[in-house]
Structure formats: C-alpha cells, structure tokens
Amino acid sequence: MAADINNSLENGRYSRQVRFPGIGTEGQISLQAGRATIIGCGALGSVSATMLARAGVGFLRLIDRDFLETSNLQRQLLYDENDVQSNLPKSVIASQKLRQINSTIQIEPHVIDVDPANIHSLCSDVDVIIDGTDNFETRFLINDFAVKNSIPWVYGGCLGADGQVMTIVPGQTACLHCLMIDGPPLPGTSPTCDSFGILGPVIGVVGSMQAIEGLKILSGEVDCVNSSLTAFSLWTNQVRQVDLSKLRSKVNCPTCKSQVFSWLDGHRASQTAVLCGRNAVQLSFDSADKIDLQIVKNRLLPLGEVVANAYLLKFKVESFELTLFPDGRAIVKGTEDPVVAKRLYAQYFGN
C-alpha cells in the first residue's frame, strides 16, 4: 500500500514537488492533509492561494469581504475581465478558479469581514493562516488569535515596488506586535496603494514567499521557516534580512509576554454604527494619539476633492464622502454597509 502511494506521488500530479528533498513523499502527504485559511483574496491572497492549491494543500478556506473591480486586474493575478463582469464576490470567484486548477482539494469560500466575533470559527481548525489583508487592524487581530491559539501565520505587505514578509510561529519567533511594539500606524499616517501606487510584480514575489513559508509549515518543516523579516525593493534592487531571532526576548511585548489580546478581545477593534437616515456609517477607533489632518490632506489631494481644518477632514471620491476626525473616527457617507465603509477607510486612510 505504501509503495502504491509513493509511486502515485512520484509519478503523478505532484511529481516535481515530491522530488524536492525538502518535501518528499512524507511532506506531500502532510500537504494533502494540511489546512490553511487565507484572509483576503485580493492581490497577495490570490497569489498565495493559487500556489497552495497547485501544491495540493488539502483544504483552503478563502475569506474576503469585497467584490472585484477592473482596477484590481493589474495586480490580482487570479482574475480576468469576465470575473469583473460576473459581479460575484472575490472569494467565490477565487474558489471557482482554484477548483479548475485542482479539483482534488477542498475549497471553502466565505464572503465576510473577519472580526473578533468570527475569527475563532474561521481559523481555529487550520494549520496556518496566510495574510492577504489590506489593513493593520485585521493583521493585529490575526496576530492576537494566532499567538493565543499557537497557530502559525504569515504576514505580507506591499507598497509601490517594495514588499516584506514575516512568518510568525507562536512560542518560537517574534510576533507582529514585537516588531511594531507601539501598535499599528495611525490611520492616515501611512501611504496606501491608492495614494502611492503599487507594481504587480511585487505582489507575485511577496505572495510566492508567503506561499513557500506556508508549504514549510504544512509539510512539517517548521524548522526551515525564515525567522527574519525579509524586506526588498524591486525598483532599486535592494534586499535585506532583518534578524528577529532576539527581538522576542528584548521587547516587552504585550501579546507574547503578557498574553494581552486587545484586538481579539475587541478592545482595540473599530466600532461601526449605521447613522439612521443619513446613508452613512460611523467608524470609531480606540486611540489616544491624534492624527495630523494636514498630512492626510496632502496625501489625498491627487485622488479627489479634499478640505481640512483643525477639527475635521472631508474627502469626496466617486459617490462617497469620507469625514475624518483627529482621533481616527470617520463618517463614511454614501453607504449603509459597514463592510463598504471599512473598505473605503482602509483604501484611503490606510488602517
């Protein structure tokens, strides 16, 4: 029986992969029994999901809150123009595409926004979580959940021609909060893909790096995981490895050391409220720091109509009006859907 399995793997669909010493027959069997959740099926998520599906990972849970737009096609490599016309959610389209790539694996799409209330049901039964998100609030939520439940996850980020990847193995490596000890950047203080742009090839590199880190974990080769933060700029041909092996012992990380899970407990999550009769959604954040609205205004000027004073900033784009306050609170006018409001907030304010 074992000989039949070995022969099937070595001469079949995954033959080239099985012949790689790091995988082998045992590793491939582990992959086929492996389970992964991919949070975000846009740029990074579509690349990593494709790689994991082709590698034969037995179960993929795909989570995304959004629909496909034409502007996505420049960097979201799994999709095409017909997919835009279908008006289907990204996770549903991704599941259909991946089933055509590999019909032997199980794929489970979810059209949902990951939050403290549902992350347990979406991630507790998998072996690895892949980050394909567009905001640090969700990443810190993933980090809290992963550390608390000892589930590895792979962070990835891209902007312009730059990318970075970091694998978190709870109890062994530094976590995202160790790296960003002061927490995520304030909304509006960091450039976004909409304000700064992004090149498609960067997505391919970061998504592939995330996928191979996932393959290491799922095949049982956790010792081969990269314990450094890999950062690079494809435009200026720079690559650097930031050694994080001692970071966990150096910093007083609230997540790793104190086991405080503020994002998972909901204390740091954004709060949404539909404003009755106003066709608007209010998003509130728990932050003691103040945002410099003039800096945000300068960043948004090329993208739409924007005015600001010491008390608020108003930004008009398409059929929406976003009002941002110094404490990070925002009112998104033009929708009563909290998911749409969160997407617009992340898209233009960066968190």
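For the structure given in this document, a descriptive report is provided here.

Reading guide: rules and limits
Residues numbered from 1 in each chain as written. Predicted model: local features only at pLDDT ≥ 70, side-chain atom pairs only at ≥ 80, totals over all residues. Heavy atoms only, no water. Salt bridge = Lys/Arg side-chain N within 4 Å of Asp/Glu carboxyl O. Helix = DSSP H or I, 4+ residues; strand = E, 2+ residues; numbered from the N terminus. Buried < 20%, exposed > 50% of the residue type's maximum accessible area, 1.4 Å probe, protein only. Arc of directions from axis to C-beta. Contact = heavy atoms within 4.5 Å. Polar contact = N/O pair within 3.5 Å; in protein donor to acceptor, adjacent residues only side chain to side chain. Pairing = 2+ DSSP bridges. Axes fitted to C-alpha atoms, helices over the stretch in contact; angles between N-to-C directions.

Oppositely charged side chains may form a pair once their charged atoms are brought near each other. The full count for this structure, using the stated rule, is 11 salt bridges. Here Asp 66 makes a salt bridge to Arg 343, at a shortest N to O gap of 3.5 Å. Here Asp 66 is found in the loop between strand E2 (59-64) and helix H5 (81-86), whereas its partner Arg 343 is found in helix H14 (residues 338-349), with 277 residues between them in sequence. Each member of the pair Asp 66 and Arg 343 is classed as buried. Linking Arg 139 and Asp 131 is a salt bridge whose minimum nitrogen-to-oxygen distance equals 3.0 Å. The network of salt bridges with common partners includes Arg 35, Arg 61, Glu 108 and Asp 125.

Moving on, we come to helix H13 (residues 293-300). Among all positions of H13, only Leu 293, Val 296 and Leu 300 are buried. Taken down its axis, H13 places every buried residue within 60° of arc, on the same side. Residues of H13 that are buried sit in contact with strand E11 (305-308), strand E12 (313-317), strand E13 (320-324) and H14. Where H13 begins, one side-chain oxygen reaches toward the backbone nitrogen of Gln 294, 3.0 Å away; that side chain belongs to Asp 292.

A few words on the sheet that holds strand E7 (residues 228-233). Read from one edge of the open sheet, 8 strands run E3-E2-E1-E4-E5-E6-E7-E8, paired in mixed fashion. In this open sheet, the two strands that pair with only one neighbour each are strand E3 (106-111) and strand E8 (238-243). Across this sheet, the average inter-strand angle for adjacent strands is 15°, counted without regard to direction. In the sheet, strand E6 (residues 162-168) pairs with E7 via 4 bridges, with the strands oriented antiparallel. Pairing of Val 165 across the sheet is with Thr 230, part of E7.

Functional significance is not addressed by these values, which are geometric in nature.
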